[in-house]
Amino acid sequence: MKDAILRYDGREYALPVVEGSEGERAVDIANLRNDSGLITLDVGYQNTGSCKSAITFIDGDRGILRYRGYPIEELAELSTFPETAFLLIYGHLPSREERAVFSQRLTENSMIHEEMLRFFDGFPLTAHPMAILSTMVNALAVYYPRYFTDDWEVATFDLMAARLISKIRTIAAYSYKHSIGEPVVYPRHDLNYCANFLYMMFNSPVKPYDMDEDIVKALNALLILHADHEQNCSTSTVRLVGSSMVNLYSSICAGICALWGPLHGGANQQVIDMLEGIRDQGLTVRKCIEQAKDKNSRFRLFGFGHRVYKNYDPRARILKDKLDLLVRKFNVKEPLVDIALELEQAALTDDYFIERKLYPNVDFYSGILYRIMGIPSDMYTVLFAIGRLPGWIAQWKEMHDTLPFRIGRPRQVYTGETLRSYVPIDAR
Ligand code: CMC
């Protein structure tokens, strides 16, 4: 591979070019500062690769997403969420035996420490479930204080990963039960991952939950579609925080906090708020589009646009089909579905959105699907976190498996005051 040449101040610097397995090329600038005194500046990391990774491939122009080489369309249709989690973390589809061991580990770790139940009593009923989730996940470090970063035993990592994947679902369901003032429902060993979550969310001693296979399948697909998305905001957070060698629970807690924001995973809740605004506040689809285009307003068309996809997000396409299936099966009369379809059509034919290649992203239809499942809107981002967890764990593991290991530490271009002397308060 030819080097890239940088000419600066009468000198030339040869910068090695590295190539990925799908032909993506990057200029390696690791020695640039030592050689030339220069650093690179890329606010928002629009064009900066922070690592090499073998987990997820995205081609944003062609709308392609693959986990470990497998197309997302095949996984969403044919795999299960725990199997996809195994694939992401360990790099291959599990054998029968590996799958059985992994499932058993998830089952054995599905309860949370009974003492942790008391935490829920301390949260106000109005607490946002994302705040509860991040707190509880960090608190796992208190109750399970054996960290892979102390002993580097593979078995410790395996246990921590299974604990997180299994317990996050229990914590999420318990936070919902707490918010509606109902007793928690313990997990069952005979239900699969998604059915167990729905059971813990919606079963009650006075009204048993009527499990529907298509709802379970749709949830399974939703979680798979969210399971990884290479170096996005929350995943980069997990890597950066984890690069200090803090434990996995705390790294994941940081990822949950990053995900909560409305420009990232929090967009799924915002989409529903936006659609409800159109339904309830007389805001028309046209007005909504105009507001999203107005540069003097902070409003954006939530569920639209993506840093990487400059084409229809493949995840949104699959979710639209799932939504269609559930709407027909349950004869859903939900005005938000019609508003969403109208809004999508209006945006896709508007010059502003066409020129900027803004298409629906994963968050545009996921909220409506969750709504049909009976999940309240403040839980949508929690569902995103449950789905994204295996990806965060896989990326954290990959980072720690890559030697030599380095702490993440970007640089900056300082633009503040130059040296000046302290002035005592009476002389100011
Ligand atoms: N509505 C209106 N205008 C938009 C939107 C939108 N949703 N998204 C981008 N634009 C405009 C933006 O104003 C800019 O216009 P201009 O070139 O005139 O300044 C242009 O499109 C490029 O946008 P950008 O902000 O430079 O793009 P970005 O890569 O920094 O941001 C994004 C990506 C996802 C944060 C952004 O598209 C957005 O805010 N979308 C709405 C929030 C959302 O749906 N987030 C979920 C993303 S998918 C799930 C996930 O992975 O988190």
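Chains are numbered independently. Their residues run from 1 in the order of the written sequence. Predicted model: local features are reported for residues with pLDDT of at least 70 only, side-chain atom pairs are reported and counted for 80 or more only, and whole-chain, interface and lining totals are derived from all residues. Working from all heavy atoms in the structure, the side-chain values ignore hydrogens and water.

**Some words on the site of the ligand**
We call a residue near a given molecule or strand whenever any one of its heavy atoms falls within 4 Å of it. Taken together, 21 residues lie near the ligand, and His264, Arg300, Leu301, Gly303 and Arg307 sit nearest. Polar contact is defined as a pair of N or O atoms within 3.5 Å, subject to the rule that within protein one atom must be able to donate a hydrogen and the other to accept it, and that residues adjacent in sequence are counted only when both atoms are side-chain atoms. Side-chain polar atom of histidine 264 to an oxygen atom of the ligand: 2.4 Å apart, as the coordinates give it. Between an oxygen atom of the ligand and a side-chain N or O atom of asparagine 361, the distance comes to 2.9 Å. Here the accessible surface of atoms and residues is derived via Shrake-Rupley with a 1.4 Å probe, and residues count as covered only by protein chains that are part of the display. Its free accessible area being 930 Å², the ligand has 78% of it covered by the protein chains. For this scheme, ten residues count as nonpolar: Ala, Val, Leu, Ile, Met, Phe, Trp, Tyr, Cys and Pro. Four count as charged, namely Asp, Glu, Lys and Arg, and the remainder, Gly too, count as polar. Residues that form the shell around the ligand fall into these classes: ten nonpolar, six polar and five charged.

**Observations regarding the pairing of strand S2 (residues 11-15)**
Strand pairing is assigned whenever DSSP detects at least two bridges linking the two strands. Secondary structure elements are taken from DSSP: a helix is a run of H or I of four residues or more, a strand is a run of E of two residues or more, and numbering for both begins at the N terminus. Alignment of strand S1 (residues 4-8) against S2, held across five bridges, turns out to be antiparallel. Note that in S2 the partner of isoleucine 5 across the bridge is alanine 14.

**Brief notes about the domain arrangement of the chain**
Reported domain spans reflect what an automatic or database domain assignment gives. Considered domain by domain, the chain is made up of domain 1 (4-64), domain 2 (71-259) and domain 3 (267-373). Residues count as neighbours in contact if any of their non-hydrogen atoms are within 4.5 Å of one another. On the domain 3 side, the residues contacting the 16 residues of domain 2 number 18 residues. Summed over both partners, the accessible area (1.4 Å probe) lost when two parts come together is defined as the buried area. Counting each side, the surface lost to burial between domain 2 and domain 3 is near 1600 Å², with a carbon and sulfur contribution of 69%. Ranking the residues of domain 2 by area buried against domain 3 places Leu222, Leu225 and His229 at the top, with a combined share of 34%.

**Let's talk about the pattern of salt bridges**
Here a salt bridge means any side-chain nitrogen of Lys or Arg lying within 4 Å of a carboxyl oxygen belonging to Asp or Glu. Going through the model one piece at a time under the given rule, you end up with 25 salt bridges. Residues glutamate 182 and lysine 177 are paired through a salt bridge, measuring 2.8 Å at the closest nitrogen-oxygen approach. Three exposure classes are used, based on accessible area relative to the maximum for each residue type with a 1.4 Å probe and protein chains only: buried under 20%, partly exposed in between, and exposed over 50%. For glutamate 182, a relative accessible area of 32% gives the class partly exposed. The class of lysine 177 is buried, set by a relative accessible area of 1%. One salt bridge in this structure joins lysine 320 and glutamate 344, with 3.3 Å as the shortest N-O distance. In this pair, lysine 320 is assigned in helix H15 (residues 314-329) and glutamate 344 in helix H16 (residues 335-348), connecting sequence segments 24 residues apart. In this structure, a network of salt bridges that share partners links the residues Arg286, Glu290, Lys293 and Asp350.

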